[in-house]
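Okay, here's what each chain looks like letter by letter:
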Amino acid sequence: MTSRFPTTNNNLPTTTTTPFRAPFSPSIRTSQIGVGHFSSTTTATPQHESFQIHDWKFDTLKTPILNQTESDQLKDELKIFAIPEQTFNSYLTITNTVNGFEFHFNAKDALLYAKNEAIDQCSHIQRIKVNCYETWMNKKIPNSNDQLSDVNERDDGIDWTFTTLYKGSVPTSSDENEIPSCAIVPTKTHKIDYDLLKRKDDPILFYDEIVLFEDELHDHGVSHLTAKIRVMNHSFYVLMRFFLRVDGVCIRCIDTRLFHKFGQNYLLREFSIRESSWKDLMNNHTFNAQYNMDQTVIGNPNVLVPILTLKEETTDLIQLNRIDATIMANSDQ
């Protein structure tokens, strides 16, 4: 049976990590307040941002944290028993106004790919235990001769760190006669143009960042998923980053980068998994000589990600409208 969860491989070379530049002209962003579907019990006001250039439209929505009713509804829909303590209805949507292609980033779909059945399919993701796990499991149950290790762990249906293999969502139609707006194929020959993204003479026309979820893991660390977008005159670039820190155990980062150069009929999506144990980071003498693993550093992905061990990296070509024969010939089946 073919799984609907993504499968990945580890046969691509490392690419250069490009930091986000701050927006040059935030004043050009347009706002619409009060857009979206939310419970009347929330007090903060949702904020919608929209920007359009060439044949592309970009929309972001920032929302309050889900209330209890909304959280319970989401858990029921996903058939799980736990979600991050701060989960948002926020989203980023990218739309091609010519062929109707859409690409979404949202928490609901992200948590679908954090379910155990998805995580168990990835050989590069190992289940994580808290630093005090062995000590805790060897403790005796009060008024009993049994140890806590004799008690079965509850299965919440989702990884307790909320690690997600989510790469973004492309809506599909149930109409078999409808021509798909895109085709997605793996590629080794196409790469994100990082040199173009580094150009300082190409001003950022639109920039935004949304938080999809965040959790402090019962004071054992932090887990959060964010998405950033910047649009320039020649291209747009998205970085969705899942960052996990389990104190005393490990640091994990899963990045999805989406890039499009205006005028081309395809997008590129780069997916990577990086992870290092706490012990390996402590033994990194060059890193510790500079930062000494202080509290400000262990919570800063921009500092940590470049030194984490690369576990997996793949690139997909997202072809708009149809699969061009020339591109398919250079892509990997």
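Structural data are supplied above this passage.
Just so it is clear, the structure is predicted and the values come from calculations on it, not from any experiment. (Residues numbered from 1 in each chain as written. Predicted model: local features only at pLDDT ≥ 70, side-chain atom pairs only at ≥ 80, totals over all residues. Heavy atoms only, no water.)

### Looking at the overall build of the protein chain
The number of helices and strands found in the protein chain is 10 helices and 13 strands. In the protein chain, buried positions account for 50% of the 333 residues. For the protein chain, contacts bridging at least 24 residues in sequence account for 70% of all contacts bridging at least 6. About 17200 Å² of surface is accessible on the protein chain, with carbon and sulfur atoms providing 48% of the total. (Helix = DSSP H or I, 4+ residues; strand = E, 2+ residues; numbered from the N terminus. Buried < 20%, exposed > 50% of the residue type's maximum accessible area, 1.4 Å probe, protein only. Contact = heavy atoms within 4.5 Å. Areas by Shrake-Rupley, 256 points an atom, 1.4 Å probe, with all protein chains shown as cover.)

### Some words on the side chain of Ser-235
Mapped onto the elements of the fold, Ser-235 is located in strand 10 (residues 235-246). Excluding its chain neighbours within four sequence positions, the residues that come into contact with Ser-235 are Leu-196, Leu-197, Arg-230, Phe-259, His-260, Lys-261 and Phe-262.

### Digging into the pairing of strand 11 (residues 250-261)
For strand 11, a buried count of 11 out of 12 residues is recorded, marking the element as mostly surrounded by other parts of the structure. Adjacent in sequence and paired antiparallel, strand 10 and strand 11 are bridged by 3 residues, among which Gly-248 carries a positive phi angle near 80°. Where strand 11 hands over to strand 12 (residues 266-277), the hairpin turn is made up of 4 residues, of which Gly-263 adopts a positive phi near 105°. (Pairing = 2+ DSSP bridges.)

### Thoughts on the pattern of salt bridges
A complete count under the given rule lists 11 salt bridges for this structure. Of the charged contacts in the structure, one is a salt bridge between Glu-117 and Lys-115, with a shortest N-O distance of 3.7 Å. Judged by its relative accessible area of 43%, Glu-117 is partly exposed. The class for Lys-115 is buried, based on a relative accessible area of 9%. Taken together, the shared-partner salt bridges in this structure form one network comprising Arg-241, Asp-255 and Arg-257. (Salt bridge = Lys/Arg side-chain N within 4 Å of Asp/Glu carboxyl O.)

### Some points on the nonpolar core
Counting 55 residues, the largest nonpolar core has Trp-56, Phe-58, Ile-94, Val-231, Phe-236 and Leu-258 as the members making the most contacts within it. Per-element accounting of this core gives the leading share, 6 residues, to strand 10. In contact with Phe-236, other than residues within four places in its own chain, are Trp-56, Phe-58, Ile-94, Arg-230, Val-231, Leu-258, Phe-259, His-260, Phe-262 and Leu-267. (Core = buried A, V, L, I, M, F, W, Y, C linked by side-chain atoms within 4.5 Å.)

### A word on the pairing of strand 12
Counting buried positions along strand 12 gives 11 out of 12 residues, so the element sits mostly inside the fold. Pairing geometry for strand 11 and strand 12, over 10 bridges, is antiparallel. Considered in strand 12, the bridge of Thr-256 is made with Phe-271. As paired elements, strand 12 and strand 13 (residues 309-320) share 10 bridges and run antiparallel to each other. Residue pairing for strand 13: Leu-267 is matched across the bridge by Ile-318.

### A word on helix 1 (residues 68-78)
All of the buried residues along helix 1 are Glu-70, Ser-71, Leu-74, Lys-75 and Leu-78. Along the axis of helix 1, the buried residues cluster in a sector spanning 135°; they form a single face. Of the exposed residues in helix 1, the ones pointing more than 90 degrees away from its buried face are Gln-68, Thr-69 and Asp-76. For helix 1, the secondary structure elements touched by its buried residues are strand 4 (86-87) and helix 2 (107-112). Capping the start of helix 1 is the job of one residue whose side-chain oxygen sits 3.2 Å from the backbone nitrogen of Thr-69: Asn-67. Trailing helix 1 by a residue or two, Lys-79 shows a phi angle of about 60°, which is positive. (Arc of directions from axis to C-beta. Polar contact = N/O pair within 3.5 Å; in protein donor to acceptor, adjacent residues only side chain to side chain.)

### Remarks on the environment of Ser-50
Inspection of the secondary structure assignment puts Ser-50 in strand 2 (residues 47-53). C-alpha of Ser-50 to C-alpha of Phe-206: the two residues are 156 residues apart in sequence and 8.8 Å apart in space. There is a polar contact of 3.1 Å between the side chain of Ser-50 and the side chain of Asp-59.

### Some details on the sheet that holds strand 12
Sheet strands pair via backbone hydrogen bonds, and the direction of the pair is either parallel or antiparallel. Overall, antiparallel pairing links the 8 strands, which are arranged 4-8-9-10-11-12-13-7 in an open sheet. Of all the strands in the sheet, just strand 4 and strand 7 (182-186) have a single pairing partner and so form its edges. Inspection of the sheet shows strand 8 (residues 206-215) paired to strand 9 (residues 221-231) by 9 bridges, in the antiparallel sense. Its bridge partner lying in strand 9, Glu-209 is registered against Lys-228.

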